Amino acid sequence: MTSEGAAPDGGRKGTRSHREVADVLRDRIRSGELRPGERMPTQARLADEFGVERGTVRQALGILQSERLLTNVSKGAPATVAPDLGRALTGPGAPPQPTTVGLAPRIAAAFAVPHVRIDALCLTSVSLTLAIGEPLRQIHAGQLKPASIDVRVLLPGRDIDLAFPAPVDASTIDRVHRQWLAQRNAQGQVLRHNLQVLRSTHNIDVRVSFRALPFTPPVKLYLLNDDEALFAFYELARRQEEVDDESLELYTTSGPQSMLFAFQRGAEQRDAAFVERSRLWFDALWETITTELSLG
């Protein structure tokens, strides 16, 4: 049993910084120990637990509020864990997450507006197709009904020499390219079909467009409603993968596991500038050096 004013690890008041307290509370929220909509302990109780002054606790709670993990932070009633933690994937101090974790909730949140606009630059549209599954489910369930959806996707052209995936043994390059192309086309067709069907089922104005890049993109980029930019590096590795039922050694990347960095226009000035420049870069590619892309 700890004495009054002592930290759980035996330290005295003031031994932890407000950022350290914020780190512990953030982990509790992200792990589910503190659930969405749940009241936080009082500032006095948190101060006793961590062995710090209440001012340190208030600073820690302020950090989590800026990250949209908490609401109602004040000197009065206890703060509340944000009911929509998907929004917490952006904001100052928000950590990067694998694409499989970070993309889907941001895509779902983007569909909450009347006119949805999503632009993507990627190697294939696998992650985007999977992420759009949740808002489509909500639309079919009657929980969402946007008036329009406009999706533009930039993918590598079929005839370019891909930097990756590429075989270590150049003699198998055609087989590797055919497998990548089949995946690119299949995922694009599924994405287009799943969105376009909303025209007839829900009378939503849907536009889905693809254009071909003349190079292998070293990064992936998602732009959501001109409000957010989600950015990830393709991280290359040399490993064995199955191609035509044969294990080949490739230079390749696991796109769904790429760490996704989130930037929001309404956050810090640097974030807003990144969103704006990303939009200008994407539009410039779309309008200049790219060409029509066939998914046949």
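Everything discussed here concerns the structure shown above.
Computed from a predicted structure; not experimentally measured.

Novice: Where do I start with the sheet that holds strand E10 (residues 236-243) in this structure?
Specialist: Sheet strands pair by backbone hydrogen bonding; their relative direction is either parallel or antiparallel. Spatial strand order, E6-E11-E10: 3 strands in an open sheet with antiparallel pairing. Where the open sheet ends on each side, the last strands, each with one partner, are strand E6 (166-167) and E10.

Novice: Can you walk me through the nonpolar core in this structure?
Specialist: Note that soluble globular proteins tend to have their nonpolar side chains buried in a common cluster. If you look at the biggest cluster of nonpolar residues, it comprises 40 residues, and the most contacted ones within it are Ile107, Phe111, Leu128, Ile149 and Leu195. No other element matches helix H7 (residues 173-202), which puts 5 residues into this core. Judged by nonpolar contacts, the second largest core, of 19 residues, contains Leu34, Leu46, Phe50 and Leu70.

Novice: In this structure, what is going on with the layout of surface pockets? I would like to understand it.
Specialist: Any empty space left between atoms is shown by rolling a water-sized probe over those atoms. Roughly 380 Å³ of internal volume is contained in the largest pocket. In terms of lining residues, the largest pocket is bounded by 20 residues, among which Leu123, Thr124, Gln183, Thr252 and Thr253 are the most central. At the level of secondary structure, the elements contributing two or more residues to the lining of the largest pocket comprise helix H5 (126-131), H7, E10 and strand E11 (246-253). In terms of residue count, the dominant contributor to the lining of the largest pocket is H7 (4 residues). Each residue belonging to the lining of the largest pocket can be placed in one class, and the counts come to 9 nonpolar, 8 polar and 3 charged.

Novice: For this particular structure, what's the right way to read the environment of phenylalanine 111?
Specialist: Here phenylalanine 111 is to be found in the loop between helix H4 (99-110) and strand E4 (115-121). It is 9.5 Å that separates the C-alpha atoms of phenylalanine 111 and glutamine 138, two residues lying 27 residues apart in sequence.

Novice: Help me out: how do you make sense of the pattern of salt bridges in this one?
Specialist: Between side chains of opposite charge, pairing is possible as soon as their charged atoms come close. Applying the stated criterion to the full structure yields 20 salt bridges. For arginine 239, the salt bridge goes to glutamate 241, with nearest N and O atoms at 3.2 Å. Residue arginine 239 is classed as partly exposed on the basis of its relative accessible area of 27%. Look at the salt bridges and you will find they share partners, linking Arg117, Asp119, Arg152, Asp226, Arg279 and Asp283 into a network.

Novice: Explain H4 here, please?
Specialist: Within an α-helix, residues lying three or four positions from one another point in the same direction, as the helix has 3.6 residues per turn. Here H4 is 12 residues long and its end C-alpha atoms lie 16 Å apart, about the 16 Å a rise of 1.5 Å per residue gives. All of the buried residues in H4 are Thr99, Gly102, Leu103, Arg106, Ile107, Ala108 and Ala110.

Novice: What's the story with the sheet that holds strand E9 (residues 228-233) in this structure? I'm lost.
Specialist: Ordered in space as E3-E12-E9-E8-E4-E5-E7-E13, the 8 strands form an open sheet in which the pairing is mixed. Single-partner strands in this sheet number two, and they are strand E3 (97-98) and strand E13 (291-292). Pairing geometry for E3 and strand E12 (residues 259-264), over 2 bridges, is antiparallel. The residue of E12 that forms the bridge with glutamine 97 is leucine 260.

Novice: Could you clarify how one ought to interpret the pairing of E9 in this entry?
Specialist: It is a general feature of regular strands that their side chains alternate between the two faces of the sheet. Of all the 6 residues making up E9, 5 are buried; the element is thus mostly covered by neighbouring parts of the structure. In terms of strand pairing, strand E8 (residues 219-224) meets E9 through 6 bridges, oriented antiparallel. Counterpart to leucine 223 in the pairing with E9 is alanine 229. Hairpin connection from E8 to E9: 3 residues lie between these consecutive antiparallel strands, with asparagine 225 at a positive phi of about 55°. Judged from the 5 bridges that link them, E9 and E12 form a sheet pairing that is antiparallel.

Novice: What is the right way to look at the packing of aromatic side chains in this model?
Specialist: Pairs of aromatic rings are described using the distance from one ring centre to the other and the angle between the two planes. Counted by the stated rule, this structure contains 5 aromatic pairs. Look at phenylalanine 282 and tryptophan 286: their rings are 6.0 Å apart centre to centre, the planes differ by 20°, and that puts the pair in the stacked class. With phenylalanine 282 and tryptophan 286 both in helix H8 (residues 269-287) and 4 residues apart, the pair spans about one turn of that helix. A single burial state applies to phenylalanine 282 and to tryptophan 286, both of which are buried. Three or more aromatic residues joined by ring pairs make a cluster, and in this case those are Phe231, Phe233, Phe263 and Phe274. One residue, arginine 152, lies across the ring of tryptophan 286, its end atom 4.9 Å from the ring centre. Just above the ring of tryptophan 286 sits the side chain of arginine 211; from NZ or CZ to the centre is 6.0 Å.

Cut-offs used in this document
- Starting afresh in each chain, residues are numbered from 1 along the sequence in its written order.
- Residue-level local features of this predicted model are given only where pLDDT is at least 70; pairs of side-chain atoms are given and counted only at 80 or more, and the full residue set underlies all totals for whole chains, interfaces and linings.
- Where side-chain values are given, they derive from all heavy atoms of the structure, hydrogens and water being excluded.
- Note on pairing: DSSP must find at least two bridges between two strands before they are called paired.
- Helix and strand definitions here come from DSSP, where helices need a minimum of 4 consecutive H or I residues and strands a minimum of 2 consecutive E residues; each element is numbered from the N-terminal end.
- In these notes, a set of buried Ala, Val, Leu, Ile, Met, Phe, Trp, Tyr and Cys residues joined through side-chain atoms within 4.5 Å is what counts as a nonpolar core.
- Here the term buried applies to any residue with accessible area under 20% of the maximum for its type, exposed to any over 50%, and partly exposed to those in between, with areas from a 1.4 Å probe on protein chains only.
- For cavity detection a 1 Å grid was placed over the protein atoms alone, and a set of points counts as a cavity when a 1.4 Å probe fits there but cannot get out; an open set counts as a pocket when protein lies on both sides within 12 Å along at least five of seven lines, with lining residues being those that have an atom within 4 Å of a point.
- Grid points are joined across faces, edges and corners, and a volume is the space filled by probe spheres set on the points.
- Residues were grouped as follows: Ala, Val, Leu, Ile, Met, Phe, Trp, Tyr, Cys and Pro as nonpolar; Asp, Glu, Lys and Arg as charged; and all remaining residues, including Gly, as polar.
- Here, a salt bridge means any side-chain nitrogen of Lys or Arg that lies within 4 Å of a carboxyl oxygen of Asp or Glu.
- To estimate the expected span of a helix, subtract one from its residue number and multiply by 1.5 Å.
- Pairs were defined over the aromatic rings of Phe, Tyr and Trp, the Trp ring being its six-membered one, requiring ring centres within 6.5 Å. Orientation was assigned from the angle between planes: stacked under 30 degrees, edge-to-face over 60, tilted for the rest.
- Two thresholds decide whether a charge sits over a ring: the Lys NZ or Arg CZ must be within 6 Å of the ring centre and within 35 degrees of the ring normal.

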